[in-house]
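Letter by letter, the chains look like this.
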Amino acid sequence: MFALYFAYATYGFVFAFSGIAIQYTLVDYFGFTPAQISYTAGIISSPWMLKPLYGIIIDKFPLLGYRRGYVSLGAFFTGVLYVFMPSVAHDKVSVIACLTAASFYVCVADVATDSLVVQLVKRGHNIQSYCWLCRCLGTLIATALSGVAFEHLGYEFVIRSTSISPFMLSVLIWEYHEPMQTPGHVGAPALRAVWRMRDLLLFIAIMGLVPEVSSVLFFVLKRDIDPVAMSLVDICGALFSAMVAAAYNHMKCKDRTSWTVAIWLNLVCTVLALAILTGAPPLEYACVRAALSGIGGMLYVLPVVILVAKHCPDSAESTTYALVMAWMNACNIFGEFLQSVVVTALHITEQNYKHILGFLACAIVMSFVPCCFKPGNIMAPIRLGGRHI
């Protein structure tokens, strides 16, 4: 199991460790505006919408009979990209291209790793929350180091050192004893399973369209706190995410209750962003907001991934799981693009916050929308394997 846990820790570490250095460099060196940051986040995340395609390939064509080969290749090429990125990315287009390519390779490795975990879940190993715990711990370690590393060692050091854990994963994953895969029918069983989850997919779409104001809030926080303090904010989010992931298997609130709490926490987070804009202490409120966002994120995601994993058809685990996760990513990315359109229309820039108050007020109103779709009602019609869930 160690290789799988290390894989998820790596996926959490890679983006978090480089995140602050990339954010500050995009804004200070390349001159990205708030709207461009939102568009860029959508572009970089776009490979995650194609997860079903990777899942089909992994299910139908396991490398030498094993899915772990895709984990190894994806991690290796991720490491290569981070090593060469400071040397080849000298303008907006090239830096976005490098980050999008890295996102693609991490996504391929992630899909293959998910399929290995789904197989274990179907055999009775309840390890998904622990995998997410490892992802959160990787994020936590990365955020604890990222601000200090960027402040004292610079962008180039941070980006190149990010490659270490992917290179390690490309070797360590072969320590996982995976059974030989037998390719079978993939498309039809996966589509049938996903169709049965259509009400869950509707709920995911609604959650994805709720504005995530962090990319806009970054420009407000950047005026008042330095990169080290910004990493403290990220640490709070990662720490509380890890705490929820560690405790989730022992919590009594599952599925519907978890989603309801997540909806309300998202609303509180948007209100806190509004409070920061109107003069509340930025660091303290941002830390509380990050902590609540971390809790809400885990309470939303964990019930979804556990539910989906338990009902993936045999030999189509990668495809089925990837279809649902791709839908979730697509909804989140569409929400980012929609947010960037609104930010552009309101002429919100780093120098002009005139209309950001109205934007956050609209975000608060939008946060109420998922409350109209009670998770309990959404899940009630779904039947999988002849059983209601």
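Residues numbered from 1 in each chain as written. Predicted model: local features only at pLDDT ≥ 70, side-chain atom pairs only at ≥ 80, totals over all residues. Heavy atoms only, no water.

A. Representation of the packing of aromatic side chains in the model. Overall, the coordinates contain 11 aromatic pairs when judged by the stated rule. Between the NZ or CZ atom of R135 and the centre of the ring of W132, over which it lies, the distance is 4.9 Å. (Phe/Tyr/Trp six-rings, centres within 6.5 Å; stacked < 30°, edge-to-face > 60°. Lys NZ or Arg CZ within 6 Å of the ring centre and 35° of its normal.)

B. Spatial organisation of the environment of S165. Along the chain, the position of S165 falls in helix α7 (residues 164-172). Under the relative-accessibility criterion, S165 is labelled buried at 11%. Once you skip the residues sitting within four places of it in the chain, S165 turns out to touch F6, T10, F13 and V14. (Helix = DSSP H or I, 4+ residues; strand = E, 2+ residues; numbered from the N terminus. Buried < 20%, exposed > 50% of the residue type's maximum accessible area, 1.4 Å probe, protein only. Contact = heavy atoms within 4.5 Å.)

C. Fine view of the packing of helix α12 (residues 256-277) against helix α15 (residues 356-367). Where α12 contacts α15, the axes come no closer than 9 Å and their chain directions differ by 165°. The angle between the axes of α12 and α15 places the two elements in the roughly antiparallel class. Once α12 is placed against α15, the crossing between them reads as left-handed. In this structure, α12 contributes I263, N266, L267, T270, V271, A273, L274 and L277 to the contact, and α15 contributes I356, L357, L360, A363, I364 and S367. Residues that form the contact of α12 with α15 fall into these classes: 11 nonpolar, 3 polar and no charged. (Axes fitted to C-alpha atoms, helices over the stretch in contact; angles between N-to-C directions. Parallel < 35°, antiparallel > 145°, perpendicular 65-115°, else oblique. Left-handed = near helix turned anticlockwise from the far one by under 90°. Nonpolar A, V, L, I, M, F, W, Y, C, P; charged D, E, K, R; others polar.)

D. A look at the nonpolar core. If you look at the biggest cluster of nonpolar residues, it comprises 64 residues, and the most contacted ones within it are Y300 and V304. When residues no more than four places from it in sequence are discounted, the contact partners of V304 are L200, I204, W259, M325 and M328. Membership of the second largest hydrophobic core comes to 49 residues, among which are F30, V95, I276 and F359. (Core = buried A, V, L, I, M, F, W, Y, C linked by side-chain atoms within 4.5 Å.)

All we've got here are geometric facts, nothing functional implied.
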